[in-house]
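Each chain is listed here by its residues.
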Amino acid sequence: DTEVTQTPKHLVMGMTNKKSLKCEQHMGHRAMYWYKQKAKKPPELMFVYSYEKLSINESVPSRFSPECPNSSLLNLHLHALQPEDSALYLCASSQVRLAIYNEQFFGPGTRLTVL
Amino acid sequence: GENVEQHPSTLSVQEGDSAVIKCTYSDSASNYFPWYKQELGKRPQLIIDIRSNVGEKKDQRIAVTLNKTAKHFSLHITETQPEDSAVYFCAASRVGGGSNYKLTFGKGTLLTVNP
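Right, let's walk through the structure included here. Remember, it's a predicted structure, so these values are computed and weren't measured experimentally. (Residues numbered from 1 in each chain as written. Chains lettered and ligands numbered in written order. Predicted model: local features only at pLDDT ≥ 70, side-chain atom pairs only at ≥ 80, totals over all residues. Heavy atoms only, no water.)

Of regular secondary structure, chain A possesses zero helices and eleven strands. Seen along its three principal axes, the alpha-carbon backbone of chain A occupies a region of about 40 × 25 × 25 Å. Roughly 5700 Å² of accessible area belongs to chain A as shown, and the carbon and sulfur atoms make up 52% of that amount. One finds the centroid of the 13 positive side-chain charges in chain A at a distance of 5 Å from the centroid of its 10 negative side-chain charges. (Helix = DSSP H or I, 4+ residues; strand = E, 2+ residues; numbered from the N terminus. Areas by Shrake-Rupley, 256 points an atom, 1.4 Å probe, with all protein chains shown as cover. Lys, Arg positive; Asp, Glu negative; His and termini not counted. Charge placed at Lys NZ, Arg CZ, Asp CG, Glu CD.)

Here you go:
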C-alpha cells in the first residue's frame, strides 16, 4: 500500500459541533503531518508527529487537537471551529532519515466547511 | 525563517511550447528544493526535486535548475501538453539539524496549456 488515505472526503459542521478527521498510511512512515490549504494558496503546515510524538505545532489554535494513536494513524479533532477554518485539510507522511530529505506523500484531503 | 517567492502566479502557454516557473528563497541554509504539482481537486504530488550540491536535474520533459549563489531555482517544462495544466508549487527545506520536516512553499503558479 503506497497511499495515504483520509476520511471523510467532505465534512460540513456547525460552529458548536465536535468532529474528527482521520488519516491512515501503511508505508511504514514514522512522520505524519497535518496541513491546511485554502483555495488558490499553498499548503500551510499545522502539526508534525515523529514516532508518534508531537514534534512541531505551528502555533495552531487549540480548537484543533491532533492525535497520533499509533504509527499508521493520525487524527485531527475539531471543536468550536470558525467559518474561516473552512479549507482543505491535507495529511502527509514520510520516512524519518537523518541528514536526508524525506519525501512527503500527501493524502487526498478532507474538504471542510464550517457553517 | 525561510521565505520563498514564486513567479509568475499564472502562466498560459500553447501546447508544445515550453514553460518556466521561477522561485527565490531567503535562507542560505536551505538545501533541498522540491516541486509539487496539484491538479484541481487533487493532492499535491512531487514531480522533481534538487539538492543544493547539484546545479541541474532532468526527468524527461521536466528539468530543475538551481543557482545557490543567487538563491533561486527554476522549473522548466518542455513540449507542454494539456495534462500539464495544474498548479505548481516550489518549496524549500533545510535537511538536518532537526529541520527535516518543514517545507516552505511558494504561493503557486497556475499553468494552463491550451490545445
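Residues and elements named next belong to chain A. Strand order in the open sheet formed by four strands is 1-3-8-7, and the pairing between neighbours is antiparallel. Sheet topology places strand 1 (4–7) and strand 7 (64–70) at the edges, where each strand pairs with a single neighbour. Direction aside, the axes of adjacent strands within the sheet are offset by 20 degrees on average. (Pairing = 2+ DSSP bridges. Axes fitted to C-alpha atoms, helices over the stretch in contact; angles between N-to-C directions.)

We now examine the sheet that holds strand 3 (residues 19–25) of chain B. Residues and elements named next belong to chain B. Read from one edge of the open sheet, five strands run 1-3-8-7-6, paired in antiparallel fashion. If you trace the sheet from one side to the other, it starts and ends with strand 1 (4–7) and strand 6 (56–59), each paired once. The mean inter-strand angle of the sheet, taken between neighbouring strand axes irrespective of direction, is 15 degrees. When strand 7 (residues 62–67) meets strand 8 (residues 72–77), the two strands line up antiparallel, connected through six bridges. By the bridge assignment, Val-64 is partnered in strand 8 with Leu-75.

Residue and element names in this part refer to chain B. As judged from the four bridges shared by strand 6 and strand 7, these two strands associate in the antiparallel manner. Of the residues in strand 7, the one forming a bridge with Lys-57 is Val-64. Turn length for the strand 6-strand 7 hairpin, with the two strands adjacent in sequence and antiparallel, is two residues, and the turn residue Gln-60 shows positive phi of about 55 degrees. Hairpin connection from strand 7 to strand 8: four residues lie between these consecutive antiparallel strands, with Lys-71 at a positive phi of about 55 degrees.

This part covers the state of the cysteines. Residue and element names in this part refer to chain A. By the definition in use, this model includes two disulfides over all chains. For the unlinked cysteine Cys-68, the closest cysteine sulfur is that of Cys-23, found at 9.1 Å. Taking the relative accessible area as the measure of exposure, Cys-68 reaches 12% and is therefore buried. (Disulfide = S-S within 2.5 Å. Buried < 20%, exposed > 50% of the residue type's maximum accessible area, 1.4 Å probe, protein only.)

This part covers the interface of chain A and chain B. Each partner contributes to the interface: chain A provides 30 residues, whereas chain B provides 17 residues. In this assembly, chain A packs against chain B so that about 1900 Å² is buried in total across both faces, 58% of it on carbon and sulfur atoms. Contact with chain B buries area across many residues of chain A, yet Pro-42, Tyr-101 and Phe-106 of chain A alone supply 34% of it, more than any other trio. For the pair chain A and chain B, the interface holds two salt bridges. Of the charged contacts in the structure, one is a salt bridge between Lys-102 of chain B and Glu-58 of chain A, with a shortest N-O distance of 2.7 Å. For the side of chain A that touches chain B, the elements supplying multiple residues, two or more each, are strand 4 (31–37), strand 5 (44–50), strand 6 (53–57) and strand 9 (87–94) of chain A. Considering each element in turn, the side of chain A that touches chain B owes the most residues, four residues, to strand 4 of chain A. (Contact = heavy atoms within 4.5 Å. Buried area = accessible area lost by both parts, 1.4 Å probe. Salt bridge = Lys/Arg side-chain N within 4 Å of Asp/Glu carboxyl O.)

This part is about the pattern of salt bridges. Residue and element names in this part refer to chain B. For the structure on display, the rule yields eight salt bridges over all chains. Of the charged contacts in the structure, one is a salt bridge between Arg-61 and Asp-84, with a shortest N-O distance of 2.9 Å. Of this pair, Arg-61 sits in the loop between strand 6 and strand 7 while Asp-84 sits in the loop between strand 8 and strand 9 (86–92), and the two are 23 residues apart along the sequence. Judged by relative accessible area, which is 22%, Arg-61 ranks as partly exposed. A single network of salt bridges, built from pairs that share partners, joins Asp-49, Arg-51 and Lys-57.

Moving on: the nonpolar core. Counting residues in hydrophobic clusters, the biggest one holds 23 residues, and the most contacted among them are Trp-35, Phe-73, Leu-75 and Leu-111 of chain B. Listing elements by their share of this core, those giving two or more residues are strand 2 (10–14), strand 3, strand 4 (32–38), strand 5 (45–51), strand 7, strand 8, strand 9 and strand 11 (109–114) of chain B. In contact with Leu-111 of chain B, not counting residues within four places along its chain, are Leu-11, Val-13, Ala-19, Ile-77, Asp-84, Ser-85, Ala-86 and Tyr-88 of chain B. Of all hydrophobic cores here, the second largest spans 22 residues; its members include Cys-23, Val-60, Leu-78 and Ala-87 of chain A. (Core = buried A, V, L, I, M, F, W, Y, C linked by side-chain atoms within 4.5 Å.)

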